[in-house]
Structures are given as C-alpha cells and as structure tokens.
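# Descriptive analysis of the structure
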Amino acid sequence: IKSKRFIIPLGDIVLNQLANFSYDPAKCSLAESLFSALKKIEANLPPELTVVDFFRTLEQPPEKALGDYALPCFRFAKAIKKNPNEVATELKRLLEEEKNPWVDSVVLKGAFLNIFTNQKEVAKALVPSLVNGSGFNILKSNADHNKTKVMIEFSQPNTHKEFHVGHGRNVCLGDSICRIFTYNGYKVIAANYIGDEGTHIAKCLWGVEHYTGSEKLESVENKAEWLGQRYVEANNKLKDATDDATKLQYNKEISEILKQIENKSGKYYDTWVVTRQYCLDDFNKIYKWLDVKFDHFFYESEVSEASQAIVEEYMKKGLFVEDQGAIGFDMSDKKLGFFMARKSDGTTLYITKDLALAKVKFNDFDIDRSIYVVGSEQNFHFKQLFYALEKMGFPQAPKCYHLSYGMVVRPDGKMSSRAGNSFTFLQLINLVIEEINTYLEKYSAEWTKEQKEDTAHKLAVGAIKYGMLQADPNKEIVFDPKEWVSFEGNSGPYLMYSYARTKSILRKAQEQGLKGSLANLDLLTHESERDLMRHLYDFNQVTINACDNYRPSTIANHLFFTCKAYNRFYTEVSVMKAETEELRAARLSLLEAFADTLKTGLYLLGITPPEKM
Ligand code: ARG
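Residues numbered from 1 in each chain as written. Predicted model: local features only at pLDDT ≥ 70, side-chain atom pairs only at ≥ 80, totals over all residues.

## Some thoughts on helix α11 (residues 244-263)
The following threshold applies: In DSSP terms, a helix is any run of H or I states spanning at least four residues, a strand is any run of E spanning at least two, and both are numbered starting from the N terminus. Multiplying 1.5 Å by the residue count of a helix minus one yields the expected span of that helix.
Taking 1.5 Å per residue as the helical rise, α11 with its 20 residues ought to reach 28 Å, and the 28 Å between its terminal C-alpha atoms agrees with that figure. Following α11 by one or two positions, Lys 264 adopts a phi angle in the positive range, close to 55°.

## Focus: the UniProt feature "short sequence motif: 'HIGH' region" (unreviewed entry) in the chain
Worth spelling out the cut-off: UniProt positions are given in the numbering used here, feature names are shortened, and annotations may be inferred rather than shown by experiment.
In this numbering, the UniProt entry assigns the feature "short sequence motif: 'HIGH' region" (unreviewed entry) to residues 157-167. Between the C-alpha atoms that bound residues 157-167 the distance is 7 Å, and the span itself is 27% helix and 0% strand.

## Structural notes on unusual backbone geometry
Unlike most non-glycine residues, Ser 155 shows phi in positive territory, near 75°. Its location among the elements puts Ser 155 in the loop between β4 (149-153) and α8 (165-183). Positive phi, close to 55°, is recorded for Lys 264, a residue that is not glycine. Its location among the elements puts Lys 264 in the loop between α11 and α12 (267-290).

## Examining the site of the ligand
Test applied: Nearness rests on one distance test: the residue's C-beta atom, set from the backbone, must lie within 6 Å of the molecule or strand.
The immediate surroundings of the ligand are formed by Glu 153, Gln 156, Asn 158, Tyr 193, Gly 195, Asp 354, Leu 357, Tyr 372 and Val 374. Counting residues per element, the ones that place at least two in the shell around the ligand are α14 (350-364) and β10 (369-375).

## Observations regarding helix α10 (residues 223-240)
The line we're drawing: Our contact criterion uses C-beta atoms placed from the backbone: two residues qualify when those atoms are within 7 Å.
Here α10 is 18 residues long and its end C-alpha atoms lie 26 Å apart, about the 26 Å a rise of 1.5 Å per residue gives. Packing partners of the buried residues in α10 comprise α9 (199-209) and α12.

## Remarks on the sheet that holds strand β11 (residues 400-405)
Here is the rule we go by: The criterion for strand pairing is that DSSP finds at least two bridges linking the strands in question. All axes here are fitted lines through C-alpha atoms, helices being fitted over the stretch that makes contact, and every angle between N-to-C directions spans 0 to 180 degrees.
The strand order across the open sheet built from 5 strands is β6-β5-β4-β10-β11, with neighbouring strands paired in parallel fashion. Whereas interior strands pair on both sides, the edge strands pair on one side only; in this sheet they are β6 (296-299) and β11. Across this sheet, the average inter-strand angle for adjacent strands is 25°, counted without regard to direction. By the bridge criterion, 4 bridges tie β4 to β10 in an arrangement that is parallel.

## Remarks on the packing of helix α17 (residues 449-470) against helix α21 (residues 552-572)
To keep things clear, this is the line we draw: Between 65 and 115 degrees an angle is taken as roughly perpendicular, under 35 as roughly parallel, over 145 as roughly antiparallel, and anywhere else as oblique. Here a crossing is taken to be left-handed if its near helix is turned anticlockwise relative to the far helix by less than a right angle, and right-handed if that turn runs clockwise.
At a minimum axis distance of 8 Å, the contact between α17 and α21 shows a crossing angle of 115°. One way to sum up the angle between α17 and α21 is to call them roughly perpendicular. Between α17 and α21 the crossing geometry is left-handed. In this structure, α17 uses Tyr 466, Leu 469 and Gln 470 to contact α21, whose residues at the interface are Pro 552, Ser 553, Ala 556 and Asn 557.

## Some details on the confidence of the model for the chain
Low-pLDDT stretches of the model should not have their predicted coordinates read in fine detail. Quick reminder of the rule: Confidence scores per residue from the predictor, reported as pLDDT, run from 0 to 100.
Of all residues in the chain, 92% attain a pLDDT of 70 or more, and the chain-wide mean is 90. Counting contacts from residues 1-13, a segment whose pLDDT is below 50, to residues more than four positions away or on other chains yields 23 contacts. Note on residues 416-420: pLDDT under 50 across the span, and 10 contacts to partners over four residues away in sequence or across chains. Across the interfaces of the predicted complex, the ipTM metric reaches 0.99, alongside a pTM of 0.89.

## Some thoughts on the environment of Cys 73
Threshold: To sort residues by exposure, count the other C-beta atoms lying within 10 Å of each residue's C-beta; 20 or more gives buried, 12 or fewer gives exposed, and values between give partly exposed, all with C-beta atoms placed from the backbone.
With respect to the element layout, Cys 73 can be found in the loop between β1 (69-72) and α4 (74-79). A tally of 26 C-beta atoms within 10 Å means that Cys 73 is categorised as buried. Between the C-alpha atom of Cys 73 and that of Ile 607, which follows or precedes it by 534 residues, the distance is 42 Å. Those residues within four positions of Cys 73 in sequence are excluded, and the remaining contacts are Pro 84, Val 87, Ala 88, Leu 91, Ala 111 and Leu 113.

Here it is, written out as structure tokens:
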C-alpha cells in the first residue's frame, strides 16, 4: 500500500512488506535502517532474517524516559553469533552515522537501544493526515481487506426472555467490532440471530396464562421486558412445584403449547406470532437508542428445518453416525466429547441450527470470515461447532472466530431485580440517565429541553458503551453507575467532556478570527506537546491492533491516555496566550488534531460526543 498521506522513505518492496503491518512510518524507516546496519556488521545474514523481524522486534517502551522505540538486540546477535552488547553498540554507531531523519538520539542500555524520534518529523507526518479534515481514513484503502467479506454476528437475544446487562455488553462490543473492521477496510456485514423458538417460549406463554397480576400486556410499555418477567416467574413456579402430580400437569401444559407453536396452528401459535413481534419491536428500540444497526437478521425459526436436512445429508456422507439412538459424531480426538446433532427423540438441537446457519452464511452470503460475539459460557459450544464445520469440509471453518466475553455484575454483588434473578439492560439505562441528569441540572440552566435531552442521551450512550468497552472482553465487568457517569477518571463522560471542551475553545478562537495552521507544527517542542503528538501519531496503529485482536478496549484505553496527555498539555502550555502568532496557530492545530482523532476514536466505540457541554 502506498500511502498518499505519509511519505515513507523506503524502497517499494520493503514498503509493501511492512505496510501489511503498519501505518507507522517512523517504525518502518527505523526497521530498514537497523536491518541495513546489521548487514554492514555481517554481510552474510541468515536468509530467514528480514527487515520484518526488526519491525516486529522494535517495541514501544512503557516509560517515556526509555525513548519512543526500543530494540532488544539478543536475537539479532544470536543470528550472527556475536555478543549482544557489542552488536547493540555497533548498531547505535551505524544508526547515528546514517543520519536517518526520524532519529533524534540513540541511547545504549546494555543490549538495548533506546531510540528517540525526531519530533519535527513526527509533526510533519501528522500534517498530511489532518489536512482537509479527512482524519486517518487511509486504512480504508487496504487492498487485501477490501476483498475480504466479514460477517459479524452479535446481540442474538432470545425473544420472550429478559434482555439483561450481559446482552447490552454484547451489543456494544459487536457494534464496535463492526466499526473497527469497516475502518480497517473490510467489507462488513452486521448480523443478528434471534432466538425465537424453543421451550423457553412455551414456558413464557405458560407463565402469561398463570399470571395473576393486573397488568395487561397490550397496555404495558415495555412488552418484551414484561414477557421476560413472565418467563422468570414460570421458571420459579416450575421449581417450586414439589408434588409429582402438579409437576406432571405443568409439563403437560407446556408441551401442548410447544406443540402448537411447532405445528404452526392453534391459539398459542397465534400468541407466539404477536408476542414475538412485540419482542422484536422492543429489541429494535434498544438498538435505535444505542445507535446500532444491522444489515441482516437471522432467526432460529428460519433455520430449524434446514438443520434437519443437514443431519440427513451428513448421515449419508458418513460423518454423522448413530450412537444409542442419538445422531452425531465422536470428537474425542480433540477432547470435545460427542457432537450431538439429533437427540434420540428426533429433535435437533441449538448446535444443529448453528450448522444450518453457518451454511447459509458461507453459501448465500459468500463470506470469507465469520465472527460470533457470544458470552464465554458458550466457549465449548463454539469449539464443537467450528470443529464440526471443519469436518464437514467447509473451507471457511478455520476463518470462524468466537469473540467471547465475560459477565457484567453489580458492585454490591446483587444481580436481582424486582422481577427475578437478573438486572435488565433497560434498568441500567434508566440508572445511567438518572445519574447524567443530576449532572446536567448543574451545568446547563440556559439550555432548551431538546438540547438537554439530546445531550443526556449522548452522554448516557457514551457512558454505557465506554463502560462496556473499556474492559478487556475476557474480564468480568463490575458495573458501578456512579463511576461510569463520573466526569473524571477512565470514563466515557471524561472523554466526551475533553472533546466538548476542546471544541468550545476552538469555537471561541474562531469567534476572535483565530485559526489553526499546520504550517508550523514543528514549533511544538514542549515535552507535553511532544507527548500528545506521539499519542495522535500512534492512533492508526492502535486501531490496527484493535482489529487484529478483536479488542475495542485497546482503542478505549489509548483514547483515555490521549486525553490525559491533552489535559496535561493544556495546563502546561498556553494556547491563546502563546508567545508568538505562529506558535498559537500551531497549538490551535494541535487542538484540532486532538479533537478530530478523539471523535474518530469515539466513533469506533460507537460513541457520538456532544459538541457542547
Ligand atoms: N440466542 C443465543 C442465546 O441467547 C445466542 C446465539 C449465539 N449465536 C449463535 N450462532 N449460536 O444463548
């Protein structure tokens, strides 16, 4: 990829190799310089050693005092059978001799090189990426990515069940992954897969029948939630039934409901049709509130027939066999037990429907990669599924990925709501809005009602999404509404506030006829300016890493540190009262660059910050 925006002083071949990894021109250039330096030390390098190895070995030290990049020299010394400290000394000498424009100074620490980059070059490299407000969209032109169709399946709630906080985490995560993949140039299909059939529905409708309260489904506002409560009650009622006769009776009633739904006739079927739609409508309200869109909806009810056919097909092909009445195949070679595709009573399972769904995704949607965002309690399910797809001969099987995530719990350990055993996402939304409103009361006396509502909505969405995304997906989230809504610390509102404040400074400057200028960014030599620029400069690489590792948290945390760097810069140097006009213009530009980058980063997390606060 030849970036039009960054001028990369590298030969084409090297550039093509490195561009697959990076948009960090300084690192590319350093890798090349170090590689040719090593060639000067030892003319006959082992052929497997390439410039890419240098690129990969160059690391970003956690502390600024250790430079912008560090190179441990051990593996290179080993490759040419020399002492690491000596190799490091030689590399330093050669690097200084070459006068690479990106290098300011090199410090030797044993077998490590600590490299400080030239601040003016970094500033210059930032300039083209900021012109025309086009941000950093260069990643979009990655030719390999452009050809790759990725389906990202997320949310996948079950109708007739509560939409709890864990489902909320899923939506935030999946939507952000879609945005990050699109930003990285992939063709993305955002898909949902609604669980609209199964025993849980029969139980819910049974719960509706046994409901003794006075609320009428037709007139309650949140119908999906109401139905979810009936499901919880039904389960409790079933658990509480102690005598066998009652249990038997209950189960008979539930199987009758299930039968009608499956046969698509009878009054329960009619109720299923209506209540299913209520649930779908309510899910869509949540998506709309969160500003989350899907390109395609799949439904369990739509793939269940095909799943029966798949069982037949792979029995004929000899992969699935009968084992004590059940049908499937042995996966003990992978320590995955028996893969059960059909039970002895003839019914297929959740996993069988997943086989049918995957087939539709591969064949009808022609996708190259398939990502499933699903909670960690289904880790085993997806191991089995992907192995089954491989054995069934789907070439895309190795390109399937389960993005697993942990639970969301409240700090008091209580997960219970008035309805039963979980905390619903709507309850969380309401808590957050309540907290946000207490803040807005303090700040925005002169605002209109619409302005207040719009700002509260943006802040609430941002607080929730940031709270959900800032944690590594593997980690459990302990959710504290006060902390999520706090305008200080690692929170969504802190980032949004940093953005709005910067925009208001820029607006004020504009009112005074003052504009930023990219002409003299190299005047920005203060340590805090240098640090902020470095953060902005790293943004693209961070989004690449986030994409490669399926980790929006990488972006969230980078933005947090960028904001901290910005706030330090803003307290340590004066923008409006800068010593010279040029310096002020350069600083205003840095403010613009910061605001642009932050807005893009927040966008990748699904967050739209208010312009004013
Ligand atoms: N509806 C399912 C549940 O709530 C999740 C579906 C996940 N996706 C899939 N292809 N299996 O457990």
